[in-house]
Amino acid sequence: MKGRVFILKGTFDVPYEDISEYPTPAKAMEAISRYCEASRDTCIFTGDDEFVKDNK
């Protein structure tokens, strides 16, 4: 497939400690970091609202 790039985006549930209010971006990043650490995945934040999991 020369010359083609495919970007796949997925979703997954991230548990929050306090769900009484909508999380801020900072709280979301903290929760994602904890999730990745607990599941032994590598997560790299590429922006304020994006990250790459396991270099995929």
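Visitor: So what's going on with the environment of F51? Residues and values would help.
Guide: When you line up the elements, F51 lands in strand β2 (residues 51-53). A residue is classified by how much of its surface remains accessible, and F51, at 25% relative accessible area, is partly exposed. Setting aside its immediate chain neighbours within four residues, F51 contacts F12, I32, C43, I44, F45 and T46.

Visitor: Give me the nonpolar core: which residues, what numbers.
Guide: With five residues, the main nonpolar core is built from V14, A31, I32, C36 and C43. In terms of residue count, the dominant contributor to this core is helix α1 (residues 25-38) (three residues). Here A31 is in contact with V14, P15 and Y16, once residues within four sequence places are set aside.

Criteria and thresholds
- Residues numbered from 1 in each chain as written.
- Predicted model: local features only at pLDDT ≥ 70, side-chain atom pairs only at ≥ 80, totals over all residues.
- Heavy atoms only, no water.
- Helix = DSSP H or I, 4+ residues; strand = E, 2+ residues; numbered from the N terminus.
- Buried < 20%, exposed > 50% of the residue type's maximum accessible area, 1.4 Å probe, protein only.
- Contact = heavy atoms within 4.5 Å.
- Core = buried A, V, L, I, M, F, W, Y, C linked by side-chain atoms within 4.5 Å.

Bear in mind that shape data such as this cannot, by itself, settle questions of function.
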